[in-house]
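Listed below, chain by chain, are the residues.
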Amino acid sequence: MWCEEDLEIPSPDNSANISPLEGSWECSVDASVVGNIAGYAVVHKQDHTTGDYWTAMDVSKVNSVFEGEWCGIKLALQSALDKEANSVHIKTDSKAAALAFEMGSIPFGWHIFPLFYQCQLLCKQFDKVNVLYVPRSENSLADELDR
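Along each chain, the written sequence defines residue order, and numbers are assigned to residues from 1. Side-chain atom pairs in this predicted model are given and counted only at pLDDT of 80 or more, local residue features only at pLDDT of at least 70, and totals for whole chains, interfaces and linings cover all residues. Just so you know, side-chain values use all the structure's heavy atoms and leave hydrogens and water out.

Undergrad: Before we go on, may I ask you to explain the packing of aromatic side chains in this structure?
TA: When the centres of two rings from Phe, Tyr and Trp lie within 6.5 Å, Trp using its six-membered ring, the rings pair. Their planes under 30 degrees apart give stacked, over 60 give edge-to-face, and anything left gives tilted. Scanning the entire structure with this criterion turns up five aromatic pairs. On the numbers, 5.1 Å between centres and 85° between planes, the contact of W70 with F116 is edge-to-face. Placement of the pair is W70 in helix α1 (residues 65-82) and F116 in helix α3 (residues 113-123), with a sequence separation of 46 residues. Pair check on accessibility: W70 and F116 agree, each one buried. Both rings, one in F113 and one in Y117, keep their centres 6.2 Å apart while their planes meet at 25°; by these two values the pair is stacked. Taken together, the residues F113 and Y117, both in helix α3 and four residues apart, mark about one turn of the helix. The exposure class of F113 is partly exposed, given its relative accessible area of 31%. Clustering of aromatic rings is evident, with ring pairs tying together F66, W70, F113, F116 and Y117. Only runs of H or I of at least four residues qualify as helices and only runs of E of at least two qualify as strands under DSSP, and these elements are numbered from the N terminus. Only protein chains enter the accessibility calculation, which uses a 1.4 Å probe; a residue whose area is less than 20% of its type maximum is buried, one above 50% is exposed, and one in between is partly exposed.

Given below as structure tokens:
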């Protein structure tokens, strides 16, 4: 059933997750979609004193911006696994993705459930995973790289 009513997506309750987990692999992710092609990026600041960054970028065919955001989250999880991280702190400017992660389910967008499930399986490889919503202004580097 189609509904043209605007839906307000509540902000995830990130009060317990405002700061990264101690010793966690912290990164920012973002996706941009043009037509059915998503470009997405992961940015990890390797050393907070020198400003060294590690990045990963990829492109995929997608059906929605929401799917593109989850492609970015999956790339972040795979990258953290490759870097042998024990815990992961992911920042995204997608309220919907952060809320779905917090709830552990996707109440809409069932076409991306296989991708969501792959992310859940990757999460089991870590001690702890946080996906935190941040405003786009705080996610600018990942936003610029995914274009």
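Undergrad: What am I meant to see in the confidence of the model for the protein here?
TA: For residues with low pLDDT, the predicted coordinates do not support detailed interpretation. For every residue, the predictor states its confidence as a pLDDT score lying anywhere from 0 to 100. Confidence in the prediction for the protein averages 79 pLDDT; 71% of positions are at 70 or higher. Within the model, the stretch residues 1-12 combines pLDDT values under 50 with 10 contacts to residues more than four positions away or in other chains. Low pLDDT, under 50, characterises residues 14-18; the stretch is placed with nine contacts to residues that sit more than four places away or in other chains. The criterion used for residue contact is that any of the two residues' heavy atoms lie within 4.5 Å.

Undergrad: Where do I start with the pairing of strand β4 (residues 87-92) in this structure?
TA: In summary, the side chains of a regular strand alternate between the two faces of the sheet. Within β4, five of the six residues are buried, which leaves the element mostly enclosed by the surrounding structure. When DSSP finds two or more bridges between a pair of strands, those strands are recorded as paired. Direction of pairing for strand β1 (residues 25-34) relative to β4: parallel, over a ladder of five bridges. Within the sheet, the bridge partner assigned to C27 lies in β4 and is I90. Relative to strand β5 (residues 128-133), β4 is paired through six bridges, and the arrangement is parallel.

Undergrad: Explanation requested: the state of the cysteines in the structure shown.
TA: Disulfides are covalent bonds that link the sulfur atoms of two cysteine residues. Cysteine sulfurs are considered disulfide-paired once they come within 2.5 Å of each other. All told, the structure shown has zero disulfides when counted by the stated rule. C123 carries a free sulfur, and the closest cysteine sulfur to it, the one in C119, is 6.7 Å from it. Classification of C123 by relative accessible area gives buried; the value is 15%.

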